[in-house]
Amino acid sequence: MKRILLAVTGGIAAYKAIDLTSKLTQANYDVRVMLTDHAQEFVTPLAFQAIGRNPVYTSTFIEQNPEEIQHVALGDWADAIVVAPATANTIAKLAHGIADDMVTSTLLATETPKFVAPAMNVHMYENKRTQHNMSILRADGYQFLEPGEGFLACGYVAKGRMEEPLQIVERLNMFFDETLIDNSLADSSFNGKHALITAGPTIEELDPVRYLSNRSSGKIGYALAESLAKRGAKVTLVSGPTHLTPPEGITFVSVQSAEDMFQAVKTRYGAQDIVFKAAAVSDYTPADPLEHKLKKQDGTLSVTFKRTQDILKYLGEHKAHQYLVGFAAETQNIEAYAQKKLQHKNADVIIANNVGDRTIGFSSDDNDYTMYFKDGDALSLGKEKKVILAEHIIDSLETRWQ
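Okay, so let's go over this structure. (Residues numbered from 1 in each chain as written. Predicted model: local features only at pLDDT ≥ 70, side-chain atom pairs only at ≥ 80, totals over all residues. Heavy atoms only, no water.)

Here we look at the sheet that holds strand β3 (residues 56–57)
Part 1 of the argument: What the six strands build is an open sheet, ordered β3-β2-β1-β4-β5-β6; its pairing is parallel. Each edge of the open sheet is held by one strand with a lone partner, namely β3 and β6 (143–144).
Part 2 of the argument: Note that strand β1 (residues 3–8) and strand β2 (residues 30–35) share six bridges and pair parallel. Residue pairing in the sheet places L5 in a bridge with R32 of β2. (Pairing = 2+ DSSP bridges. Helix = DSSP H or I, 4+ residues; strand = E, 2+ residues; numbered from the N terminus.)

A word on the packing of helix α9 (residues 219–230) against helix α13 (residues 386–397)
Part 1 of the argument: Orientation of α9 relative to α13, taken along the N-to-C sense of each, is 50 degrees, at an axis distance of 8 Å. With respect to α13, the axis of α9 lies oblique. Every pair of crossing elements has a handedness; the one defined by α9 and α13 is right-handed. Taking contact as the criterion, the partners of K219, I220, A223, L224, S227, L228 and K230 in α9 are, on α13, K386, V387, A390, E391, I393 and I394. (Axes fitted to C-alpha atoms, helices over the stretch in contact; angles between N-to-C directions. Parallel < 35°, antiparallel > 145°, perpendicular 65-115°, else oblique. Left-handed = near helix turned anticlockwise from the far one by under 90°. Contact = heavy atoms within 4.5 Å.)

Regarding the pattern of salt bridges
Part 1 of the argument: Overall, the coordinates contain 16 salt bridges when judged by the stated rule.
Part 2 of the argument: Between E164 and R161 there is a salt bridge, with its nearest N and O atoms 3.5 Å apart.
Part 3 of the argument: Of the residues examined, E164 reaches a relative accessible area of 33% and is grouped as partly exposed.
Part 4 of the argument: A salt bridge links R231 to E398; the shortest N-O distance between them is 3.1 Å. Here the residue R231 occupies a position in the loop between α9 and β12 (234–239), and E398 occupies one in the segment after α13, the gap between them amounting to 167 residues.
Part 5 of the argument: Taking the relative accessible area as the measure of exposure, E398 reaches 18% and is therefore buried.
Part 6 of the argument: Through salt bridges with shared partners, a single network forms among K230, R231, E391, D395 and E398. (Salt bridge = Lys/Arg side-chain N within 4 Å of Asp/Glu carboxyl O. Buried < 20%, exposed > 50% of the residue type's maximum accessible area, 1.4 Å probe, protein only.)

As for the sheet that holds strand β20 (residues 378–385)
Paired through their backbone hydrogen bonds, the strands of a sheet run either parallel or antiparallel.
Part 1 of the argument: Pairing within the open sheet is mixed, and its eight strands lie in the order β13-β12-β9-β14-β17-β18-β19-β20. The sheet is open, and its two borders are formed by β13 (251–254) and β20, each paired with just one other strand. Shown here is a sheet whose adjacent strand axes are inclined to one another by a mean of 15 degrees, direction ignored.
Part 2 of the argument: In terms of strand pairing, β12 meets β13 through four bridges, oriented parallel. Note that in β13 the partner of L237 across the bridge is F252.

Focus on the pairing of strand β18 (residues 349–354)
Part 1 of the argument: Burial analysis of β18 places five of its six residues in the buried class, which makes it a mostly covered element.
Part 2 of the argument: Note: strand β17 (residues 323–330) against β18, six bridges, orientation parallel. What sits directly across from E330, in β18, is N354.
Part 3 of the argument: Traced from β17 through helix α12 (residues 334–344) to β18, the parallel crossover comes out right-handed.
Part 4 of the argument: Taken together, the four bridges between β18 and strand β19 (residues 366–373) define a ladder with antiparallel strand orientation. By the bridge assignment, A352 is partnered in β19 with T370. (Right-handed = clockwise from strand over helix to strand, strands pointing away.)

Observations concerning the packing of helix α1 (residues 14–26) against helix α2 (residues 45–52)
Part 1 of the argument: Viewed as axis vectors pointing N to C, α1 and α2 meet at an angle of 15 degrees, and their least axial separation amounts to 9 Å. Here α1 lies roughly parallel to α2, going by the angle between them. Here α1 and α2 pass one another in a crossing that is right-handed. Contacts between α1 and α2 pair A14, A17, I18, T21, S22 and T25 from the former with A47, F48, I51 and G52 from the latter.
Part 2 of the argument: When grouped by side-chain class, the residues that make up the contact of α1 with α2 number six nonpolar, four polar and no charged. (Nonpolar A, V, L, I, M, F, W, Y, C, P; charged D, E, K, R; others polar.)

Listed below in structure tokens is the structure:
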């Protein structure tokens, strides 16, 4: 039985931590809980004790066992520590080594793997100082469970909701599964290979203040990059504008337009062993972008567009040794369009999904993919979180791509 130390800090999302304790216990984890003083303004120790059936810890100065230093022993006891919810204040303290309560003292005194589930107002989350503090923790090995988008306590509908308890349990399950196979990662067929992934949208400028783009979040491309990097690949991620943080240990190339992305991919293509074309690239761009802001005028407005470079088609036409994976986001006739794209773009795999289903794809954390292979095989991956689907995609290619 794996042991989880759950650290609950002072945000309204603390109520979710009660559900998380229940979900972890049902998943056969041994759960112990720590509460900060501010967390106890929202939830009580008794609630966690009743569900987890373990003592609940609230103070560095209350030693339940005189034979040990509690905040040190708890860190040693746990197989993983989860901070959920993690407030901006706690993240800041952890980033700068402040240990003024039970939670921060324990985290500072342990080398146990740590997961952080931020929950706060969207402006607090996007604040440069918060983002900087999170980058410090990532560099120190903390793993972040990205907040979702939705209705916040402040009344905004935006990013900042604590990740759902069931998804946190799934991420922990994945983590412990991964630790079992870490020693075999060197045997991955991607180890030492060069992989390039494109991700996110592109933006096409109409005038200095307006542009055309699409709804792509870049989540699947970033997840693929992280999965390949874990397996020892030398990863280059070429990304349009997103709100995502690039995975550690990769080469990151930021681009804006379809032409920018084409040039970034073209110049690096020859050195690659495998390419994932996951970006949602604009098919058209304004033929004559304006130098100055377009002013309002009476009547209708007509804009002339020209085709952008078909990056996937170019890669297929210039393919030498590379293995080429494309994506097809469709709203109808999914299989027919995927098969057509597979043939016409000279790809080795096309991964298709239905973007007409608003519950998956684009800004959603979930998707439902089917992989169509050049040899005629098809593999349905089902509806899952994108981070999990990325692992399934890479798993399915381990023995196929070479």
